[in-house]
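Remarks on the overall topology
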Amino acid sequence: MENTINIKLKVWRQAGPKAKGRFETFELKNISTDSSFLEMLDILNEQLINKGEEPVAFDHDCREGICGMCSLYINGRPHGPDDDVTTCQLHMRKFKDGQTITIEPWRSAGFPVIKDLIVDRGAFDKIIAAGGYVSVNTGGVPDANALPIPKPNADEAMDAASCIGCGACVAACKNGSAMLFVSAKVSQLALLPQGKVEGARRAKNMVAKMDELGFGNCTNTGACEVECPKGISLANIARLNREFLSAKAQD
Amino acid sequence: MVKIDAKIPEGPLADKWKNYKNNQKLVNPANKRKLDIIVVGTGLAGASAAASFGEMGFNVKTFTIQDSPRRAHSIAAQGGINAAKNYPNDGDSIYRLFYDTVKGGDYRAREANVHRLAEVSNSIIDQCVAQGVPFAREYGGLLDNRSFGGAQVSRTFYAKGQTGQQLLLGAYQALMRQVNEGNVELHTRNEMVEIVMVDGKARGIISRNLVTGKLERHFAHAVVLATGGYGNTFFLSTNAMGSNGSAAMKAYKKGAMFANPCFAQIHPTCIPVHGEFQSKLTLMSESLRNDGRIWVPKKKEDAEAIRAGKLKPTEIAEEDRDYYLERRYPAFGNLVPRDVASRAAKERCDAGFGVGTTGLAVYLDFKSAIDRLGRDAIEARYGNLFQMYEKIVDDNPYETPMMIYPAIHYTMGGIWVDYELQTSVPGLFAAGEANFSDHGANRLGASALMQGLADGYFVLPYTIQNYLADDIATPRMTTEEKEFEEAENAAKGRFEKLMSINGEKSVDSLHKELGLVMWDFVGMARNKEGLQEAIEKIQAIKKEFWSNVRIPGSTGGMNVELEKASRLADFIEIGELMARDALHREESCGGHFREEYQTEEGEALRQDDKFAYSGCWAYKGEDQEPELNKEELTFDVVKLVQRNYK
């Protein structure tokens, strides 16, 4: 009952951060449409190793769409031609027999290439370090039910918090902006009383760090929202802008 | 055999942790600044420990193999985290959580540790809420709870189907705050490859920078391993691709005992295997068993017709379905513990009632819940899980029942630790899934998150001080010392040896061979002959690996195949250790099921008079048989009985 397809891959190869990159072409036969995109790459790599060649380096880990590690730009779309999924959840049934598939790394000034399809997303950690938290130490906190939180706020905070930090929003944006990522964290914490206390400081510090790290400006094209595997809403960017402006006004 | 001292504090069970804290040694703030701690791993246990140490004023260095601490596999935990809050007023208490955990673990855990875990569970929820973790709430604004296997109360806090993600992000953010304040130095894409010992104490690590390939030396007064479990020994598991047991093996070879390696958890609700190129198995959260009913056809001919694609599950009449968990365990029904549910699924499939093309699957059906509560309610509870299932299997679980089958998920065994979470190597600590401490022979659902955060937020910050208080006069060592050089040379020699093999077989192909042996002989049902055969087969794979593995590239720069090969070398040794431990443990308990030891009804049969101990294996040298030591378990409070979920 199993369906298989033959495909042609055009894969970005780059030996190291400073090396010159190029596309390399491979042909794969009899790929099960039930296999995931990354399993297809595993098959490619197995073949390369058996031929004594270097396998294609790509980031991946949980393979269930939650760790945010996988990061492939497939046929011009971050995470490829399916909606609301990460690359690891993309399956080969989304491709046709005989199709050419182009695979590139995330391309953005904020995410330099390390090798082949692997990029450095350390900038996201730096933005979180600048203020993406509630400043409480371990211990000495009130009972979890001491502060009731309206369910709609908690739910909305959860929606914003479901960002997996993969960077598809940056890769999708023609300006290479990290606004959707930053706004998701700012929104989550601004919606909760625990995070509200230092909301202004957080918005200012995270935005300043984002600007400093070379991410572009947001021009509200919405490409990030379309490509986000977790459906993070543009409404978060509006909330970030509000938080940021009111923080600036307090200065 | 060495005598094992778990350093359990004096006093009645409920007072032990209080007594410990009252009498432990402390380190004053000025001295904390002079002390360095290395934390390897940034999952729930590692991130929460590193953040807490940083807040306390220690100098912390933390290491992760991923590009960011936020990627650790704790992130994939779906269902929830247990705590004894008793918010639903359904009779829960610290004692009950303790009791359920000891019973769920089939009486193979240390009472004092488990009680401490239950005691600190409530503080974890408080801490996470203060950090801004968006737990699910009721309309009144207070926290919501759900039920999990092995409990008759609702004590599980959750954040949609992404509880692990939210808790990890909370710990990660606390960690990044300490990075920002300069208390924690973060090393990403950096793997510990050796522990450095000085005068019998752990004093640092050698790590490999995975981007440059360079080996690095790092000193610390104490080292914490929070590097997760070794489930990937089986190749196919629900673990992330990078999850590995290498740090544990490095510790083992430096003298840390490895306890109960055969206690591995097979999770009942995973998406079944689909083909030989499959890279991993996907878990469907246990929380689904709150509303899903598990069944197979009552008639063999129906099962055969389904396997042949001639019949659909929705065409099987209600009276022709066997809800075998509800039938066998009326009191707990679909919410029996994981080991019980897994074995029951295997029993039905082995008897010829399995479904799916392979016959190795059972149904998890939401029809009665959808009829009762409506599709929207089910979508609100499990929407993301249903979506995940549909993306993988290309089948709509709102309309046809899900297919599930057991898969390796979690390892209860791990590095042996005493009450202070210190290994048998002084100055070397282990936390979270990496240690063996709290779950006995079977872990209950929603207890891994609890244990990881308990160890990191509320146990290690106390116990590590008790150790470091004696070290306040120990100056920082330079890494030019000979111990660091020797350790680096050992690591370097190992990588060069791997690269020099230049054989014919890829790392993955050898790993798959190992995985098949593990699943067939050291999996859900084990027996003496099979385990003996497994040991021989694993030793043959080891030989094949060290003479015939092919690793392209070089030791310089990023080399993913070299990383994988180095980890597989350790998985092979863990596999052998698991088989040895399973062979020696002539009883069935929790996740360890020996076919020779079962009741007439097929339930696990413990041998308490002979095996009420933790089996602690000590390394005795390359190709030498390891030595078994025993930590006898004493049960002062809980009475040992056969687990009964009927």
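Residues numbered from 1 in each chain as written. Chains lettered and ligands numbered in written order. Predicted model: local features only at pLDDT ≥ 70, side-chain atom pairs only at ≥ 80, totals over all residues.

Focus on the overall build of chain B
Note the following rule: Helical segments are the DSSP runs of H or I of at least four residues, strand segments are the runs of E of at least two, and each set is numbered from the N terminus. Using C-beta atoms placed from the backbone, we call a residue buried if 20 or more other C-beta atoms fall within 10 Å of its own, exposed if 12 or fewer do, and partly exposed for counts in between. C-beta atoms are placed from the backbone for every residue, and two residues are taken to be in contact when these atoms lie within 7 Å.
Along the backbone of chain B there are 18 helices and 19 strands. Taken over the C-alpha atoms alone, chain B extends approximately 75 × 60 × 50 Å along its principal axes. Within chain B, the proportion of its 646 residues that are buried is 61%. Of all intrachain contacts in chain B linking residues separated by at least 6 positions in sequence, the fraction that spans at least 24 positions is 74%.

Thoughts on the overall build of chain A
Secondary structure assignment for chain A yields 9 helices and 7 strands. Along the first, second and third principal axes, the C-alpha atoms of chain A reach 60 × 45 × 35 Å. A burial count over chain A gives 53% of its 251 residues as buried. Taking all contacts inside chain A whose residues are at least 6 apart in sequence as the whole, residues at least 24 apart take part in 71%.

Details of the UniProt feature "active site" (unreviewed entry) in chain B
Residue and element names in this part refer to chain B. Note the cut-off: UniProt positions are given in the numbering used here, feature names are shortened, and annotations may be inferred rather than shown by experiment.
Mapped onto this structure's residue numbering, the UniProt feature "active site" (unreviewed entry) falls at R338. Here R338 falls in the buried class, since 27 other C-beta atoms lie within 10 Å of it. Other than its neighbours up to four places away in sequence, R338 contacts G149, Q265, H267, P268, N442 and G445.

Remarks on the sheet that holds strand β5 (residues 184-187) of chain B
Residue and element names in this part refer to chain B. Selection rule: Any two strands are treated as partners once DSSP identifies two or more bridges connecting them. All axes here are fitted lines through C-alpha atoms, helices being fitted over the stretch that makes contact, and every angle between N-to-C directions spans 0 to 180 degrees.
As summarised here, the arrangement of the 5 strands in space is β5-β2-β1-β9-β17, forming an open sheet in which the pairing is parallel. In this open sheet, the two edge strands, each paired with only one partner strand, are β5 and β17 (428-430). Mean inter-strand twist for the sheet, computed between neighbouring axes without regard to direction, equals 20 degrees.

Considerations on the domain arrangement of chain A
Residues and elements named next belong to chain A. Going by this rule: As annotated, the domain borders come from an automatic or database domain assignment. Put simply, Ala, Val, Leu, Ile, Met, Phe, Trp, Tyr, Cys and Pro go in the nonpolar bin, Asp, Glu, Lys and Arg in the charged bin, and everything else, Gly too, in the polar bin.
Considered domain by domain, chain A is made up of domain 1 (4-115) and domain 2 (122-250). For domain 1 and domain 2, the distance between their C-alpha centroids amounts to 29 Å. On the side of domain 2, 17 residues touch domain 1, which itself brings 18 residues to the contact. Looking at the side of domain 1 that touches domain 2, its residues break down into 8 nonpolar, 7 polar and 3 charged.

Observations regarding the pairing of strand β2 (residues 59-63) of chain B
Residues and elements named next belong to chain B. Note the threshold: Classification remark: right-handed applies to a crossover when, strands pointing away from the viewer, the course from the first strand over the helix to the second runs clockwise.
Most of β2 is tucked away: 5 of the 5 residues are buried. Residues of β2 alternate between two faces, with N59, K61 and F63 on one and V60 and T62 on the opposite face, all of them buried. Of the strand pairs in this sheet, strand β1 (residues 36-40) and β2 are connected by 5 bridges, and their pairing is parallel. Opposite D36, over in β2, you have N59 as the bridge partner. Following the chain from β1 across helix α3 (residues 44-56) to the adjacent parallel β2, one finds a crossover that is right-handed. Where β2 lies against β5, 4 bridges are found, and the strand directions are parallel. Within β5, the position partnered with V60 by the bridge is V184.

Focus on the packing of α3 of chain B against helix α6 (residues 163-180) of chain B
Residue and element names in this part refer to chain B. Rule in force here: A clockwise turn of the near helix away from the far one marks a right-handed crossing, whereas an anticlockwise turn of less than a right angle marks a left-handed crossing.
Contact pair α3 / α6: the axes reach a minimum separation of 8 Å and the direction vectors enclose 35 degrees. Between α3 and α6 lies a crossing whose hand is left-handed. Two secondary-structure elements touch here, α3 through L44, A47, S48, A50, A51, G54 and E55 and α6 through L167, L168, A171, Y172, A174, L175 and Q178. Along the lines of polarity and charge, the residues of the contact of α3 with α6 split into 10 nonpolar, 3 polar and 1 charged.

Things to note about helix α14 (residues 482-501) of chain B
Residues spaced three or four apart along an α-helix face the same direction, because each turn holds 3.6 residues. All names here are of chain B. Worth spelling out the cut-off: Here the expected span of a helix is defined as 1.5 Å times the quantity of residues minus one. Note: the arc covers the axis-to-C-beta directions of the helix.
In a regular helix each residue adds 1.5 Å, so 20 residues correspond to 28 Å; α14 covers 29 Å between its end C-alpha atoms and thus fits that length. Listed as buried for α14 are F484, A487, A491, F495 and L498. With its buried residues spanning 75 degrees around the axis, α14 presents them on a single face. When the buried face of α14 is taken as reference, the exposed residues oriented beyond 90 degrees from it are K482, G493, E496, K497 and S500. Those residues of α14 that are buried are in contact with β6 (190-198), β7 (201-209), β8 (215-219) and α17 (560-584). One or two positions beyond α14, positive phi appears at N502, with a value near 55 degrees.

Thoughts on the pairing of β7 of chain B
All names here are of chain B. Taking burial as the measure, the 9 residues of β7 include 7 buried ones, the bulk of the element. Relative to β7, β6 is paired through 8 bridges, and the arrangement is antiparallel. Residue E191 lies in a different strand from β7, and its bridge partner there is R208. Adjacent in sequence and paired antiparallel, β6 and β7 are bridged by 2 residues, among which D199 carries a positive phi angle near 50 degrees. Hairpin connection, β7 to β8: the antiparallel pair is bridged by 5 residues, and G213 has positive phi, about 80 degrees.

Focus: the domain arrangement of chain B
The figure often quoted for interface size is the accessible area lost as the parts come together. Residue and element names in this part refer to chain B. Structurally, chain B comprises domain 1 (267-408) and domain 2 (489-632). Computed from C-alpha atoms alone, the centre-to-centre distance between domain 1 and domain 2 is 31 Å. Top contributing element to the side of domain 1 that touches domain 2 by residue count: helix α10 (residues 338-353), with 5 residues. Its residues assigned to classes, the side of domain 1 that touches domain 2 comprises 1 nonpolar, 1 polar and 4 charged.

Details of the environment of V197 of chain A
Here V197 of chain A shows up in the loop between α6 (193-196) and α7 (199-212). Taking the C-alpha atoms as reference points, V197 of chain A and E156 of chain A, separated by 41 residues in sequence, lie 18 Å from one another.

Some thoughts on the interface of chain B and chain A
Contacts between chain B and chain A engage 65 residues on the former and 68 residues on the latter. Listed by contribution, the elements that provide at least two residues to the side of chain B that touches chain A are α3, α5 (111-131), α6, α12 (375-393), α13 (448-468) and α17 of chain B. Partitioning the side of chain B that touches chain A into residue classes produces 25 nonpolar, 25 polar and 15 charged.

A word on the packing of helix α15 (residues 507-521) of chain B against α17 of chain B
The geometry of a pair of packed helices is captured by two quantities: the angle between their axes and the separation between those axes. Residues and elements named next belong to chain B. We apply this condition: Here is the rule for angles: anything less than 35 degrees is roughly parallel, anything more than 145 is roughly antiparallel, 65 through 115 is roughly perpendicular, and the remaining ranges are oblique.
At a closest axis distance of 10 Å, the pairing of α15 and α17 adopts a crossing angle of 20 degrees. Considering the angle they form, α15 stands roughly parallel to α17. Crossing geometry of α15 relative to α17 is assigned as left-handed. Contacts between α15 and α17 pair V507, L510, H511, L514 and M518 from the former with E561, K564, A565, L568, F571, I572 and G575 from the latter. The residue inventory of the contact of α15 with α17, partitioned by class, reads 8 nonpolar, 2 polar and 2 charged.

Focus: the nonpolar core
Stated precisely, the cut-off is as follows: Throughout this description, the term nonpolar core refers to a group of buried Ala, Val, Leu, Ile, Met, Phe, Trp, Tyr and Cys residues whose C-beta atoms join them within 7 Å.
With 283 residues, the main nonpolar core has I37, V224, L225 and I415 of chain B as its most contacted residues. Sequence-distant contacts of I415 of chain B, defined by excluding residues within four places in its chain, comprise L225, A248, A251, A256, F258, T423, A430, A434, N435 and F436 of chain B.

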